[in-house]
Amino acid sequence: MWQAEKLVSGAVEPGVYRYRGDAHPSEMADALADFGWRFYYLDGRLITDKASFIEETGKAMGFPAYGGQNWDAFEEMIRDLNWDRAEGYVLLYEYPQYFATNSPKEWAIALSILQGATRFWAEQGVPMYILLRRVDGQLQQIPIL
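Novice: What is the right way to read the sheet that holds strand E2 (residues 38-43) from this model?
Specialist: The pairing of strands in a sheet happens through backbone hydrogen bonds and is either parallel or antiparallel. Across the sheet, four strands lie side by side as E1-E4-E3-E2; this open sheet has parallel pairing. Each edge of the open sheet is held by one strand with a lone partner, namely strand E1 (15-19) and E2. Direction aside, the axes of adjacent strands within the sheet are offset by 20 degrees on average. Of the strand pairs in this sheet, E1 and strand E4 (residues 128-133) are connected by five bridges, and their pairing is parallel. Opposite Val16, over in E4, you have Ile130 as the bridge partner. Across the sheet, helix H2 (residues 25-33) touches E1, E2, strand E3 (89-94) and E4, and the angle it forms with E2 is around 160 degrees. Set on the sheet, helix H3 (residues 50-61) makes contact with E2, E3 and E4; between it and E2 the angle comes to about 145 degrees.

Novice: When you look at the nonpolar core in this model, what are you seeing that I'm missing?
Specialist: Generally speaking, a soluble globular protein has its nonpolar side chains buried in company with each other. Ranked by size, the top nonpolar core spans 32 residues in total, and within it Phe53, Phe74, Ile78 and Met128 carry the most contacts. Secondary structure elements with two or more residues in this core: E2, H3, helix H4 (71-78), E3, helix H5 (97-102), helix H6 (104-123) and E4. At seven residues, H6 tops the list of elements feeding residues into this core. Other than its neighbours up to four places away in sequence, Met128 contacts Pro14, Gly15, Met61, Ile78, Leu81, Tyr89, Ala117, Thr118 and Trp121. Of all hydrophobic cores here, the second largest spans 15 residues; its members include Leu7, Met28, Phe39 and Tyr129.

Rules and cut-offs
- Residues numbered from 1 in each chain as written.
- Predicted model: local features only at pLDDT ≥ 70, side-chain atom pairs only at ≥ 80, totals over all residues.
- Heavy atoms only, no water.
- Pairing = 2+ DSSP bridges.
- Helix = DSSP H or I, 4+ residues; strand = E, 2+ residues; numbered from the N terminus.
- Axes fitted to C-alpha atoms, helices over the stretch in contact; angles between N-to-C directions.
- Contact = heavy atoms within 4.5 Å.
- Core = buried A, V, L, I, M, F, W, Y, C linked by side-chain atoms within 4.5 Å.
- Buried < 20%, exposed > 50% of the residue type's maximum accessible area, 1.4 Å probe, protein only.

Keep in mind these values describe shape, not function.
Right under this line is the structure:
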């Protein structure tokens, strides 16, 4: 069962986690909306490289059209979110291994930016969680929520 309260209460430190729950993304979004949080869903089966990661994440999170297709622009956008202010943010990223397997160096950069974004938002007093779901064995170093 999806328990948004675990995140919104601050019981879990913001960050990037493997998530084993099976709640439907719409259920997760609805529960978080009750607390004034934003929820984003990313289908990793569409992502195999840097370009598709930046494009799909931008679509999922509603990045403005002027955002660039490079890592600096992506990092700036995920640390801005002025167009979608909220009490907190959750990005559910399913099947991240498609990207991690096909472009391991680019995946490492993306993961570093995502981890940095969660730290950045925590410093602003706004929690952000990146939940990686339906993960295969190669991402085992990421902690479980």
